[in-house]
Amino acid sequence: MRAARSALTSMDQLNREQRRARRATLRFGIGLHLGDVYYGNIGSPDRLDFTAIGPAVNFASRLERLCKRLGCRLVLSSIFADSSGMDTVLLGERRLRGIKEPARIYTLEEFVPRSHKRSEI
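I will try to describe carefully the structure that is included in this document.

Conventions we followed
- Residues numbered from 1 in each chain as written.
- Predicted model: local features only at pLDDT ≥ 70, side-chain atom pairs only at ≥ 80, totals over all residues.
- Heavy atoms only, no water.
- Helix = DSSP H or I, 4+ residues; strand = E, 2+ residues; numbered from the N terminus.
- Buried < 20%, exposed > 50% of the residue type's maximum accessible area, 1.4 Å probe, protein only.
- Contact = heavy atoms within 4.5 Å.
- Areas by Shrake-Rupley, 256 points an atom, 1.4 Å probe, with all protein chains shown as cover.
- Lys, Arg positive; Asp, Glu negative; His and termini not counted.
- Charge placed at Lys NZ, Arg CZ, Asp CG, Glu CD.
- Core = buried A, V, L, I, M, F, W, Y, C linked by side-chain atoms within 4.5 Å.
- Polar contact = N/O pair within 3.5 Å; in protein donor to acceptor, adjacent residues only side chain to side chain.
- 1 Å grid on protein atoms, 1.4 Å probe; cavity = no way out; pocket = protein on both sides within 12 Å on 5 of 7 lines; lining within 4 Å.
- Points joined across faces, edges and corners; volume = space filled by probe spheres on them.
- Nonpolar A, V, L, I, M, F, W, Y, C, P; charged D, E, K, R; others polar.
- Salt bridge = Lys/Arg side-chain N within 4 Å of Asp/Glu carboxyl O.

Looking only at helices and strands, one finds 3 helices and 6 strands in the protein. Considered along the principal axes of its C-alpha atoms, the protein spans approximately 50 × 45 × 25 Å. Burial statistics for the protein: of 121 residues in total, 32% are counted as buried. The long-range fraction of contacts in the protein, counting pairs at least 24 apart against all pairs at least 6 apart in sequence, stands at 52%. For the protein, the accessible surface area stands at approximately 8600 Å², while carbon and sulfur atoms represent 49% of it. Put simply, the protein has 22 plus and 13 minus side-chain charges, and the middle of one group is 8 Å from the middle of the other.

As structure tokens, then:
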């Protein structure tokens, strides 16, 4: 969570500088999940890529893709939200591509999108 907050804060600072210089700003979102992953070099001797793979990586990737659709810069899986010990806000349940069951999606109060109404919870 500290790394995610740091990345978002750094992007906010960069975007302030970009606006002052009348340049385009950048947007991105972060999806956080907990689970086992496999990591290491994958490929051939001529072309190796260091990467992480596994169901948890796929789930986190699907969460990240929700950021734009939800208008939320930080989305959390239920397992991450439960494990964080932080006060989280339920954004609802969503179907994620390649995931059988609908996922409960959370964020932190400071990242709740303006369009999100409390009555939806």
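Back to the text.
Below, the discussion takes up the nonpolar core. Counting 23 residues, the largest nonpolar core has Leu32, Leu63, Leu70, Leu74, Val75, Leu76 and Ile105 as the members making the most contacts within it. Among the elements of the structure, helix H1 (2-20), strand S1 (30-32), helix H2 (55-70), strand S4 (74-77), helix H3 (78-84), strand S5 (88-94) and strand S6 (103-108) are those that each provide at least two residues to this core. If one sorts the elements of this core by residue count, H2 sits on top with 5 residues. Every residue in contact with Leu76, bar those within four places of it in the chain, is listed here: Met1, Leu32, Leu63, Ala81, Thr88, Arg104, Ile105, Tyr106, Thr107 and Leu108.

Turning to the environment of Glu110, a few remarks are in order. If you trace the backbone, Glu110 turns up in the segment after S6. Spatially, the C-alpha atoms of Glu110 and Phe50 are 34 Å apart, while their sequence positions differ by 60 residues. Within the structure, Glu110 has its side chain in polar contact with the side chain of Arg5 (distance 2.7 Å).

Counted as a void, the largest pocket has a volume near 590 Å³. What lines the largest pocket is a set of 20 residues, among which Arg27, Phe28, Gly71, Cys72 and Arg73 lie closest to the centre. Contributing elements (two or more residues each) for the lining of the largest pocket: H1 and H2. Of the residues forming the lining of the largest pocket, the biggest block, 5 residues, is contributed by H1. Residue classes in the lining of the largest pocket are distributed as 9 nonpolar, 3 polar and 8 charged.

Turning next to the pattern of salt bridges. Per the counting criterion, the structure on display carries 4 salt bridges. The salt bridge involving Arg5 is made with Glu110; its shortest N-O contact spans 2.7 Å. Placement of Arg5 in helix H1 and of Glu110 in the segment after S6 is noted, with a sequence separation of 105 residues between them. Between Arg104 and Glu93 there is a salt bridge, and its shortest N-O distance comes to 3.6 Å. Residue Arg104 is found in strand S6, and its partner Glu93 is found in strand S5; the two are separated by 11 residues along the sequence. Owing to a relative accessible area of 46%, Glu93 belongs among the partly exposed residues under this scheme.

What follows concerns unusual backbone geometry. Even without a glycine there, the phi angle at Arg22 is positive, about 55°. Take Arg22: it is sitting in the loop between H1 and S1. When its relative accessible area of 78% is taken as the criterion, Arg22 is described as exposed.

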